[in-house]
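A structural walkthrough
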Amino acid sequence: MATTDAMQLPPKLKTHKQYTLVIPLDLQRDRVLLGYKLRGFGQGKYNGFGGKVEQGESIVAAAIRELHEESGLLVREPDMIQRGALLLETVADNSSPILEIHVFTVDKWEGTENATDEMHPTWFSLSESLTPTSATPAPIPTPNVISGSLPSSFLSTPPGTEAHDLPLALPLQPIPYHQMWEESRVWLPRLLQNLMPPDLVPQEQQEEQQQKKKRYFIHHVQFIGGVDRDVSSNGEYSVWHGMGERRLDWVDELPVGEWDSRRTFGRYP
Ligand SMILES: Nc1nc2c([nH]c(=O)n2[C@H]2C[C@H](O)[C@@H](COP(=O)(O)OP(=O)(O)OP(=O)(O)O)O2)c(=O)[nH]1
């Protein structure tokens, strides 16, 4: 773990606010589905599908509900695979909750991905997305929401066709990591590397990959910089969206059984 300004702050108790994030994978076709956010928080960015866990709702139920609302895909609970969690925290004030985002992957679902007025689902190449893109990528085309038309290079599924029945006519783009939340380029390529079909992983790394599949990742990000107020949500704090360059992060991987005992921690030095 890095030594940080944060480590010198007095201990404090923080609340956690729970969110979900689901990443559909089509391993057979070497592709991964993300959504382009058309409005609200994270507008103009690609991300997995997810949202807030409602009161009284389990994390997995929230993940299934949000995925369905935002993409049209319907997943059964046993097919949800929990991969880890992001803990996004500001150390600039004591009152902002830690954002606890539970990350799932799925590779079985019913239905076809559909755009909603909130999210536009888009397939990206899995094997081309195993390392983050360079710092100054050319932005990939994004949906034209004003005219409702999409540039052909953006579309991997022409409207009105069944995604699963289509031959892949166009080569898929790699994930545009620089059009995602900043920390995604740390944990997402790592997660995808661990999920690649074994025949695509060099033989000497296969055993290591099998071990990693049994582990959850915890990506803890601390922001030292200032706090942003989000005007679009009545001045509510949204510090995790202003991380900029001044962030500290590290990734732990834990054996499956240890996750439950650790995930509720609320005290952070
Ligand atoms: N990777 C990453 N994901 C984030 C960050 N911040 C953030 O909210 N997310 C994720 C968590 C959720 O999946 C999603 C935000 O959910 P949301 O605001 O759309 O929640 P919601 O659907 O319940 O909200 P709403 O429809 O009621 O407005 O984005 C971040 O900094 N990094």
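What you see is a predicted model; the values in this text were computed from it and never measured. Chains are numbered independently. Their residues run from 1 in the order of the written sequence. Predicted model: local features are reported for residues with pLDDT of at least 70 only, side-chain atom pairs are reported and counted for 80 or more only, and whole-chain, interface and lining totals are derived from all residues. With hydrogens and water set aside, each side-chain value is computed from the structure's full complement of heavy atoms.

**Brief notes about the side chain of glutamate 66**
- Topologically, glutamate 66 is positioned in helix α1 (residues 59-71).
- Every residue pair with non-hydrogen atoms within 4.5 Å of one another is taken to be in contact. For glutamate 66, the contacting residues outside a window of four places in its chain are Thr20, Gly50, Gly51 and Lys52. The way it works is that DSSP assigns letters per residue, a run of H or I at least four long becomes a helix, a run of E at least two long becomes a strand, and they are numbered from the N terminus.

**Notes on the nonpolar core**
- Nonpolar core, defined: a set of buried Ala, Val, Leu, Ile, Met, Phe, Trp, Tyr and Cys residues in which side-chain atoms within 4.5 Å join the residues together. When a residue's accessible area, from a 1.4 Å probe over protein chains only, is under 20% of the maximum for its type it is buried; when over 50% it is exposed; and in between it is partly exposed. Ranked by internal contacts, the top residues of the largest apolar core, which has 28 residues, are Leu86, Val103, Ile175, Trp187, Leu188 and Leu192.
- Put simply, the parts of the chain that give this core at least two residues each are β2 (16-26), β3 (31-37), β5 (81-90), β6 (98-106), α2 (184-195) and β8 (215-223).
- Looking at which element gives the most residues to this core, the answer is α2, with five residues.
- Val22, Val60, Ala63 and Leu172 belong to the second-largest nonpolar core, a separate cluster that totals 19 residues.

**What about the environment of isoleucine 81?**
- Of note, isoleucine 81 is situated in strand β5.
- With 93 residues separating them in the primary sequence, isoleucine 81 and proline 174 have C-alpha atoms 23 Å apart.
- Beyond its immediate sequence surroundings of up to four residues, isoleucine 81 is in contact with Val103, Phe104 and Thr105.

**Considering α1**
- Between its terminal C-alpha atoms α1 stretches 18 Å, which fits the 18 Å expected from 13 residues at 1.5 Å a residue.
- Here α1 has its buried residues at Ile59, Val60, Ala62, Ala63, Ile64, Glu66, Leu67, Glu70 and Ser71.
- Against the buried residues of α1 lie β2, β6 and β7 (119-125). In this scheme, a helix's expected span is set at 1.5 Å multiplied by one less than its residue total.

**Digging into the packing of aromatic side chains**
- Any pair of Phe, Tyr and Trp rings, taking the six-membered ring for Trp, is counted once the centres come within 6.5 Å. Such a pair is stacked with planes under 30 degrees apart, edge-to-face with planes over 60 apart, and tilted for the rest. Counted under the stated rule, the structure contains three aromatic pairs.
- Pairwise contacts between aromatic rings join Tyr36, Tyr46 and Phe124 into one cluster.
- Consider the ring centre and the ring normal. A charge sits over the ring if Lys NZ or Arg CZ is within 6 Å of that centre and within 35 degrees of that normal. The ring centre of tryptophan 123 lies 4.0 Å from the NZ or CZ of arginine 31, which sits over that ring.
- Taking NZ or CZ as reference, lysine 45 lies 4.6 Å from the ring centre of tryptophan 181, over its face.

**Things to note about the confidence of the model for the chain**
- Averaged over every residue, the pLDDT of the chain is 72; residues scoring 70 or more account for 58%.
- pLDDT expresses, on a scale from 0 to 100, how confident the predictor is about each individual residue. Confidence, expressed as mean pLDDT per element, reaches its minimum in the chain at strand β12 (residues 267-268) with 25 and its maximum at β3 with 97.
- Per-residue pLDDT stays below 50 along residues 235-250; that stretch engages in 56 contacts with residues further than four places along the chain or on separate chains.
- Confidence over residues 259-269 falls short of pLDDT 50; this stretch has 33 contacts with residues more than four positions distant or in other chains.
- Complex prediction metrics read pTM 0.75 and ipTM 0.94.

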